[in-house]
Amino acid sequence: MRIGVLTGGGDCPGLNAVIRAVVRKGIEVHGWEVLGFRNGWLGPLEGLAKPIGLDDVEDILARGGTILGSSRTNPYKEENGPARIKAVLAEHGVDALVAIGGEDTLGVARRLTDEGVNVVGVPKTIDNDLAATDYTFGFDTAVHIATEAIDRLRTTAESHHRALVVEVMGRHAGWIALHSGLAGGANVILVPEKPFDVRRVVELVQRRFERQYAPIIVVAEGAMPADGAEVLQTGEKDAFGHVRLGGVGTWLADEIAHRTGKESRAVVLGHVQRGGTPTAYDRVLATRFGLHAVDAVHEGDFGVMVALRGTDIVRVKLAEATAELKTVPLARYAEAEVFFG
Ligand code: F6P
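Everything numeric here is computed off the predicted structure, so don't read it as measured data.

Quick notes on the overall build of the protein chain
From N to C terminus, the protein chain includes 11 helices and 11 strands. What you see for the protein chain is a C-alpha radius of gyration of 22 Å, in line with the 20 Å of a compact globule of 341 residues. Counting only C-alpha atoms, the protein chain reaches 70 × 40 × 35 Å along its principal axes. Here the protein chain holds 341 residues, and 55% of them are scored as buried. When contacts within the protein chain are restricted to residue pairs at least 6 apart in sequence, those whose partners lie at least 24 apart make up 74%. When the accessible surface of the protein chain is totalled, it reaches about 14600 Å², and 49% of it is carbon and sulfur. With 37 positive and 45 negative side-chain charges, the protein chain shows a spacing of 3 Å between the two charge centroids.

A short note on the packing of helix 7 (residues 198-210) against helix 8 (residues 248-260)
Two elements in contact, helix 7 and helix 8, have axes separated by 10 Å at closest approach and are oriented at 65 degrees. When you trace helix 7 past helix 8, the crossing you get is right-handed. Two secondary-structure elements touch here, helix 7 through V198, R199, V201, V202, V205 and Q206 and helix 8 through W251, L252, E255, I256, R259 and T260. Looking at the contact of helix 7 with helix 8 residue by residue, the classes come out as seven nonpolar, two polar and three charged.

Overview of the site of the ligand
In the vicinity of the ligand, the contacting residues are R72, I126, D127, M169, G170, R171, E221, H271 and R274. One of the backbone nitrogen or oxygen atoms of G170 is found 3.5 Å away from an oxygen atom of the ligand. Measuring from an oxygen atom of the ligand, one finds a side-chain N or O atom of H271 at 2.8 Å. Starting from 400 Å² of accessible surface for the ligand in isolation, the protein chains cover 78%. In terms of domain composition, the shell around the ligand takes at least three residues from each of domain 1 (2-137 + 278-321) and domain 2 (140-275).

Quick word on the domain arrangement of the protein chain
For the protein chain, the assigned domains read domain 1 (2-137 + 278-321) and domain 2 (140-275). Between domain 1 and domain 2, the C-alpha centre-to-centre distance is 33 Å. The partner domain 2 presents 14 residues to the 14 residues of domain 1 that form the contact. Summing the contributions of domain 1 and of domain 2, the shared interface buries around 1100 Å²; its carbon and sulfur component is 54%. Considering only the side of domain 1, the residues that lose the most area to domain 2 are I126, D127 and T279, jointly responsible for 41% of the buried surface there. Taken together, the connections running from domain 1 to domain 2 amount to one salt bridge. Put simply, D11 and R274 hold a salt bridge, and the shortest N to O gap is 2.9 Å. Each residue belonging to the side of domain 1 that touches domain 2 can be placed in one class, and the counts come to six nonpolar, three polar and five charged.

Concerning the packing of helix 1 (residues 15-29) against helix 9 (residues 280-298)
Interhelical geometry of helix 1 versus helix 9 gives an angle of 40 degrees and a closest axis separation of 7 Å. Between helix 1 and helix 9, the interaxial angle falls into the category oblique. Considering the relative orientation of helix 1 and helix 9, their crossing is right-handed. Contacts from A17, V18, A21, V22, K25 and G26 of helix 1 reach helix 9 at R283, A286, T287, G290, L291, V294 and D295. Its residues placed into classes, the contact of helix 1 with helix 9 shows seven nonpolar, three polar and three charged.

Digging into the sheet that holds strand 8 (residues 216-220)
Read from one edge of the open sheet, four strands run 7-8-6-9, paired in parallel fashion. The sheet terminates laterally at strand 7 (188-190) and strand 9 (264-268), the two strands that pair on one side only. Adjacent strand axes in the sheet meet at a mean angle of 15 degrees, parallel and antiparallel pairs treated alike. Summarising the sheet, strand 6 (residues 163-168) and strand 9 pair through five bridges and their orientation is parallel.

A look at the side chain of T279
Structurally, the position occupied by T279 is in the loop between strand 9 and helix 9. Owing to a relative accessible area of 15%, T279 belongs among the buried residues under this scheme. At a separation of 2.7 Å, a polar atom in the side chain of T279 contacts the side chain of D140. Those residues in contact with T279 that lie beyond four places of it in its chain are D140, T141 and H144.

Topic: a negative patch on the surface
Taken together, the side chains of D55, D56, E58 and D59 present a region of like negative charge at the surface. Turning to its location among the elements, E58 is positioned in the loop between strand 3 (49-51) and helix 3 (81-91).

Things to note about the UniProt feature "site: Important for catalytic activity" (unreviewed entry) in the protein chain
Under the feature "site: Important for catalytic activity" (unreviewed entry), the UniProt entry names K124. Within the secondary structure layout, K124 lies in the loop between strand 5 (119-123) and helix 5 (139-160). Setting aside its immediate chain neighbours within four residues, K124 contacts G8, G9, G10, C12, L15, I100, G101, G102, L130, T136 and F137. A distance of 2.5 Å separates the side chain of K124 from the backbone oxygen of G10, its partner in a polar contact.

Let's talk about the sheet that holds strand 3
Strand order in the open sheet formed by seven strands is 3-2-1-4-5-10-11, and the pairing between neighbours is mixed. In this open sheet, the two strands that pair with only one neighbour each are strand 3 and strand 11 (312-317). Across the sheet, the axes of successive neighbouring strands diverge by a mean angle of 30 degrees, strand direction being ignored. Two elements, strand 2 (residues 33-37) and strand 3, share three bridges in a ladder whose sense is antiparallel. In the sheet register, F37 faces strand 3, and the bridge partner there is A49. Here helix 4 (residues 103-114) sits on the sheet and contacts strand 1 (2-7), strand 4 (96-101), strand 5 and strand 10 (304-309); the angle it forms with strand 5, its principal contact strand, is near 165 degrees.

What counts and how
- Residues take numbers from 1 onward in each chain, read along the sequence in its written order.
- At least 70 in pLDDT is required for a residue's local features to be given in this predicted model, at least 80 for side-chain atom pairs to be given and counted, and no such filter applies to totals for whole chains, interfaces and linings, which use all residues.
- No hydrogens and no water enter the side-chain calculation; it runs on all heavy atoms of the structure.
- By definition, any uninterrupted DSSP run of H or I lasting at least four residues is a helix, any uninterrupted run of E lasting at least two residues is a strand, and each is numbered from the N terminus.
- All radius of gyration figures rest on C-alpha atoms, and the globule criterion is 2.2 Å times the number of residues raised to 0.38.
- Throughout, exposure labels follow a simple rule: accessible area from a 1.4 Å probe, protein chains only, divided by the maximum for the residue type, with under 20% read as buried, over 50% as exposed, and the rest as partly exposed.
- The contact definition used throughout considers only heavy atoms, calling two residues in contact when any of these lie within 4.5 Å.
- Note that accessible areas follow from Shrake-Rupley with a 1.4 Å probe, and for residues the cover is restricted to the protein chains shown.
- Charge assignment in this entry is limited to Lys and Arg as positive and Asp and Glu as negative, and neither His nor the chain termini are counted.
- Here the site of a charge means atom NZ of a Lys, CZ of an Arg, CG of an Asp or CD of a Glu.
- Axis geometry follows a simple rule: fit a line to the C-alpha atoms, using only the stretch in contact for helices, then measure angles between N-to-C directions, giving values from 0 to 180 degrees.
- In this scheme the crossing of two helices becomes right-handed for a clockwise turn of the near helix relative to the far one and left-handed for an anticlockwise turn of less than a right angle.
- Following the grouping adopted for this structure description, the nonpolar residues are Ala, Val, Leu, Ile, Met, Phe, Trp, Tyr, Cys and Pro, the charged ones are Asp, Glu, Lys and Arg, and the polar ones are all others, Gly among them.
- Near residues are defined by distance, with any heavy atom within 4 Å of the molecule or strand qualifying the residue.
- Polar contacts, as counted here, are pairs of nitrogen or oxygen atoms within 3.5 Å of one another; within protein the pair requires one atom able to donate a hydrogen and one able to accept it, and residues that are adjacent in sequence qualify only if both atoms are side-chain atoms.
- As annotated, the domain borders come from an automatic or database domain assignment.
- The term buried area means the drop in 1.4 Å probe accessible area that two parts suffer when joined, counted for both and summed.
- Put simply, a salt bridge is a Lys or Arg side-chain nitrogen that is within 4 Å of an Asp or Glu carboxyl oxygen.
- When describing relative orientation, an angle under 35 degrees is termed roughly parallel and one over 145 degrees roughly antiparallel, while 65 to 115 degrees is termed roughly perpendicular and anything else oblique.
- For two strands to count as paired, DSSP must find a minimum of two bridges between them.
- Excluding any residue in a salt bridge, patches collect residues exceeding 30% relative accessible area, merging like charges within 9 Å and nonpolar Val, Leu, Ile, Met, Phe, Trp and Tyr side chains within 5 Å.
- UniProt positions are given in the numbering used here, feature names are shortened, and annotations may be inferred rather than shown by experiment.

Listed below in structure tokens is the structure:
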């Protein structure tokens, strides 16, 4: 038996831990051959493949990124994409694929399953916004990094009596903002799920200044002002044609400075949140996902994604896994609001 493995979409701490678990269990327990496809779906599309052996995964558990490389290539947007993938898999004698990715990568996996390709999905995203699993690996690491940044920014903000706006990732869901904001004791947390009133934010900031403390505002990159003011979003191009990395944080820091007359600074954490070594929690979760993905392949249970439910790893249909995003419930957000101001 020969299986293929690929990593697609934005990278994420823990990807290498999944690859290692798939290779170790696939080779040592089942005696399979494992083929690594490079750069997400581009690999099986263009035949970019090489065997991965035990030595290749010896030292990668703690390493961030992915030894296979990644891309956001969608074969359904390429001419004859699915047919080319099927041909490459047949040419390389690949019986099944383990696809590690987020919503887009798993969406492709679902469609390929419908066309007869044997795929098992593994969920990854620092954003934690995949509905069928309680947690995705990478999220804990991102929250840890963002929390440490908030702790550090607080001491410099206090020294200079400034407001500090920390923009974290999360285009559609505010999980990183909510968890790092709670862990870091933020005075305001803003998420895409609840458009914010900038006047209310300014009131909270002012209240904090009146108590002689420096306000810390954590804002998810996808949070938007309720009045529809124009704010550039991550991924959009600015007037110079450059792709923006963050926009709402800088916009908000300017608004706060303008409306309060106090100094304000914005910090866009960006890809720092996605890089580097995974936390122990993410290494364990990623490893368990990899092991259970191999079990699914072994049992011939395709078109499924491994998922965490409580402390158990279960399987869900890829169709269910990609049906909707998991956003922050307003009741969860309300818990954090108790600490605002
Ligand atoms: O999907 C994960 C994510 O980190 C988002 O939170 C963020 O908006 C996006 O990727 C950034 O993508 P890129 O690396 O392509 O700039």
